[in-house]
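Report on the structure
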Amino acid sequence: MPIPIIAIDGPAASGKGTVAASVARALGFHLLDSGALYRLVALKALQTQAGLDDASTLAELATLLDVRFTDGRILQDGHDVTEAIRAEPVSEAASRVAVHPAVRQALVDRQRAFREPPGLVADGRDMGTVIFPEASLKVYVTATPEERARRRHKQLIEKGISVTIDGLLRDIRERDARDAGRVAAPLEPAPEALVLDTTRLSPGDAVDFVLRQFRAITGGGQQER
Ligand code: DC
């Protein structure tokens, strides 16, 4: 039996991370947060003052990443960087390091190694198009830029970080343009992906949609937790 993969792609703050984590939990599957890998390369680049346009140095950093995903925490070189990689400067730098084909190539095998029994939910931008083209189910999660800016604003305000919705909307549009406009593995739905617009959908409904689709494909044979 091949190990099933659910590929969940989409733009920043579309809700794909929440959907992917909840689906993985419901099915007892492993979870790949591929964006975290690009964020780790970006963090390392900022720490070592590597140029964000220096593709070969960045690719080397990507190859040498010492990372462990354990109990919901992310350790780099033994240090817990779970929160550090979510900071805005790292988000911006991650989107910039991700444009380099050499960096993307350096992360391919590391991502594919997450395919382990009983199954994998892979969250990213190119899971269904490049990393796991053979995925059993591909979902492209999206929402309007305005709704995504509103959600990000709420999250940041709750953390006590003061930002404006207009500023966030500008950042989101810039990041979308860079992620979708790059030559290597641009952000786009795979032709066979189901598009899930979460603008007016609760997280629970989005998760149910993916689980229903997966059950329809596997004939309901998968046990849910
Ligand atoms: O999903 P995220 O916001 O954590 O991703 C951070 C950046 O990494 C995003 O701007 C684009 C890049 N990325 C990518 O190019 N390919 C992926 N599979 C995942 C993320």
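None of the values given here were measured: they were computed from a predicted structure.

1. Concerning the overall build of the chain
A tally of helices and strands in the chain yields ten helices and eight strands. By the compact-globule yardstick of 17 Å for 225 residues, the chain fits well, its C-alpha radius of gyration being 17 Å. If you line up the chain on its principal axes, its C-alpha atoms span 50 × 35 × 35 Å. Considering only intrachain contacts with a sequence separation of at least 6, the fraction spanning at least 24 residues in the chain is 76%. Taken as a whole, the chain presents about 11100 Å² of accessible surface, with 53% of it coming from carbon and sulfur. Within the chain, the 31 negative side-chain charges are centred at a point lying 3 Å from the centre of the 29 positive side-chain charges.

2. Re the pairing of strand S6 (residues 120-124)
Here S6 lies mainly inside the structure; five of its five residues are buried. Covered by surrounding structure in S6 are Leu 120, Ala 122 and Gly 124 together with Val 121 and Asp 123, the residues of both alternating faces.

3. Some remarks on the pattern of salt bridges
Enumeration over the complete set of coordinates arrives at 17 salt bridges. Note that Glu 83 and Arg 73 form a salt bridge whose closest N and O atoms lie 3.0 Å from each other. Of this pair, Glu 83 sits in the loop between strand S5 (79-80) and helix H4 (88-97) while Arg 73 sits in strand S4 (residues 73-76), and the two are ten residues apart along the sequence. The exposure class assigned to Glu 83 is exposed, which follows from its relative accessible area of 54%. Relative accessible area serves as the criterion here: at 33%, Arg 73 is assigned to the partly exposed category.

4. Topic: unusual backbone geometry
Of the consecutive residues Pro 117 and Pro 118, the connecting peptide bond is found in the cis state with omega at 5°. Along the chain, Pro 118 falls in the loop between helix H6 (108-112) and S6. Even without being a glycine, Asp 77 presents a positive backbone phi close to 50°. Along the chain, Asp 77 falls in the loop between S4 and S5. Given the relative accessible area of 37%, Asp 77 is considered partly exposed.

5. Some words on the site of the ligand
Near the ligand there are 17 residues, and of these Arg 39, Arg 104, Arg 125, Asp 126 and Arg 182 occur at the shortest range. At a separation of 2.6 Å, an oxygen atom of the ligand approaches a polar side-chain atom of Arg 39. Side-chain polar atom of Arg 125 to an oxygen atom of the ligand: 2.8 Å apart, as the coordinates give it. Its free accessible area being 450 Å², the ligand has 97% of it covered by the protein chains.

How each quantity is defined
- Residues numbered from 1 in each chain as written.
- Predicted model: local features only at pLDDT ≥ 70, side-chain atom pairs only at ≥ 80, totals over all residues.
- Heavy atoms only, no water.
- Helix = DSSP H or I, 4+ residues; strand = E, 2+ residues; numbered from the N terminus.
- Rg over C-alpha atoms; globule rule 2.2 N^0.38 Å.
- Contact = heavy atoms within 4.5 Å.
- Areas by Shrake-Rupley, 256 points an atom, 1.4 Å probe, with all protein chains shown as cover.
- Lys, Arg positive; Asp, Glu negative; His and termini not counted.
- Charge placed at Lys NZ, Arg CZ, Asp CG, Glu CD.
- Buried < 20%, exposed > 50% of the residue type's maximum accessible area, 1.4 Å probe, protein only.
- Salt bridge = Lys/Arg side-chain N within 4 Å of Asp/Glu carboxyl O.
- Near = heavy atom within 4 Å.
- Polar contact = N/O pair within 3.5 Å; in protein donor to acceptor, adjacent residues only side chain to side chain.

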